[in-house]
Amino acid sequence: MGLIRDLFSSPSETLYRWQNKRFLWLLMAVAMGGLVIIAHSFFQIYLYMNPCEQCVYIRFAMLIMVFGSLIAAINPKNLLLKLFGVISCFYGAVTGLQYSIKLNRIHHAVHGVDDALFGVQGCSTDPSFPFGLPLAKWSPEWFKPTGDCGYDAPVVPLDAQLDSVQKWFIDMYVQADGWYLIPSLKFINMAQACALAFGLCLIILVIMIIAWIMKIVAEKRIMA
């Protein structure tokens with residue numbers, strides 16, 4: 001209650017204090033890192049959902065945010081560390097949002113009738129990561145596309161032995177013809193969920209940056 005009261009009574013000062021603490025940066029790192037681990041370990045390995053080109057780009061963007069957040073969390077009051085963290089997280093959030101929007105368009109195209117060919121054109125098994133990073137060669141299990149964009153239903157090998165929990169999840173996503181936050185209603189597909197995650201982080205980053213800049217401007221006015 002104290003934090004909420006401070007936020008309403010002195011929003012700019014409270015937001016400035018928050019972005020100067022490690023908690024928000026570590027929270028962003030844990031959230032984005034957790035999503036990447038879940039995508040790889042649970043959906044890809046356990047449920048046989050093969051990642052597509054846009055999917056591995058989204059993973060890359062999330063890991064950029066993890067890296068930037070951890071650097072800023074070392075000491076959020078240090079100007080250089082914070083600038084590096086802010087720039088990295090902002091870049092990851094913006095590019096990740098772009099990849100998610102593109103994947104969502106492909107998802108709708110390949111699940112439609114008239115625009116099916118468009119979806120095929122938006123996917124490749126030879127990814128091209130920013131800065132020329134050969135991530136697909138360095139870590140193919142994490143960054144090599146093995147699936148088709150927009151088709152995120154499980155592809156179970158014929159010789160796979162499924163446990164009861166595994167089979168329950170796989171059947172649920174197969175019946176929904178892909179990943180959805182609520183499979184029975186086909187509510188929020190994977191691309192939309194990723195876009196929401198990036199969008200939320202982007203909003204938090206913008207608010208943090210504005211609070212930081214406002215504090216700097218206010219201090220300069222006092223010194224002037």
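Every value quoted in this text rests on a predicted model; they were computed, and no experiment measured them.

Conventions used here
Residues numbered from 1 in each chain as written. Predicted model: local features only at pLDDT ≥ 70, side-chain atom pairs only at ≥ 80, totals over all residues. Heavy atoms only, no water. Helix = DSSP H or I, 4+ residues; strand = E, 2+ residues; numbered from the N terminus. Buried < 20%, exposed > 50% of the residue type's maximum accessible area, 1.4 Å probe, protein only. Contact = heavy atoms within 4.5 Å. Areas by Shrake-Rupley, 256 points an atom, 1.4 Å probe, with all protein chains shown as cover. Core = buried A, V, L, I, M, F, W, Y, C linked by side-chain atoms within 4.5 Å. Expected span 1.5 Å × (residues − 1). Phe/Tyr/Trp six-rings, centres within 6.5 Å; stacked < 30°, edge-to-face > 60°. UniProt positions renumbered as here; feature names shortened; annotations may be inferred.

Enquirer: Give a detailed account of the overall build of the protein chain, specifying residues and quantitative values.
Expert: Looking only at helices and strands, the protein chain features 10 helices and two strands. Taking all 224 residues of the protein chain together, 42% fall into the buried category. Within the protein chain, contacts between residues separated by at least 24 positions form 73% of all contacts whose residues are at least 6 apart in sequence. Summing over all exposed atoms, the protein chain offers an accessible surface of approximately 13000 Å²; the carbon and sulfur share of this is 68%.

Enquirer: Describe in detail the nonpolar core, supporting the description with residues and values.
Expert: Of all hydrophobic cores here, the largest spans 47 residues; its most connected members are Trp25, Met32, Phe129 and Phe198. Mapped by element, the contributors of at least two residues to this core are helix H3 (22-46), helix H4 (53-74), helix H5 (79-110), helix H7 (135-138), helix H9 (164-176) and helix H10 (190-223). If one sorts the elements of this core by residue count, H4 sits on top with 12 residues. Contact partners of Phe198, with chain neighbours within four places excluded, come to Met32, Ile58, Ala61, Met62, Met65, Gly92, Ala93, Gly96, Leu97 and Ser100.

Enquirer: Requested: an account of H4, with residues and values cited.
Expert: Every α-helix carries 3.6 residues per turn, so stepping three or four residues along brings you back to the same face. With 22 residues, H4 extends 32 Å from end C-alpha to end C-alpha; this agrees with the ideal 32 Å at 1.5 Å per step. Where burial is concerned, most of H4 is hidden: 18 out of the 22 residues are buried.

Enquirer: Give a detailed account of the packing of aromatic side chains, specifying residues and quantitative values.
Expert: Given two aromatic rings, their pairing is described by the distance between the two centres and the angle made by the two planes. With the rule as written, the count across this model stands at 12 aromatic pairs. Centre to centre, the rings of Phe67 and Phe84 are 5.7 Å apart; their planes meet at 80 degrees, and the pair counts as edge-to-face. Residue Phe67 is located in helix H4, and its partner Phe84 is located in helix H5; the two are separated by 17 residues in the primary sequence. Accessibility expressed as a relative area gives 46% for Phe67, which makes it partly exposed. Centre to centre, the rings of Phe129 and Phe143 are 5.8 Å apart; their planes meet at 90 degrees, and the pair counts as edge-to-face.

Enquirer: Give a detailed account of the UniProt feature "transmembrane region" (unreviewed entry) in the protein chain, specifying residues and quantitative values.
Expert: The feature "transmembrane region" (unreviewed entry), as annotated in UniProt, sits at residues 23-49, 56-74, 80-101 and 193-214 in this numbering. Taken end to end, residues 56-74 comprises 100% helix and 0% strand; its first and last C-alpha atoms sit 27 Å apart. Between the end C-alpha atoms of residues 193-214 there is a gap of 32 Å, over a span that is 100% helix and 0% strand.

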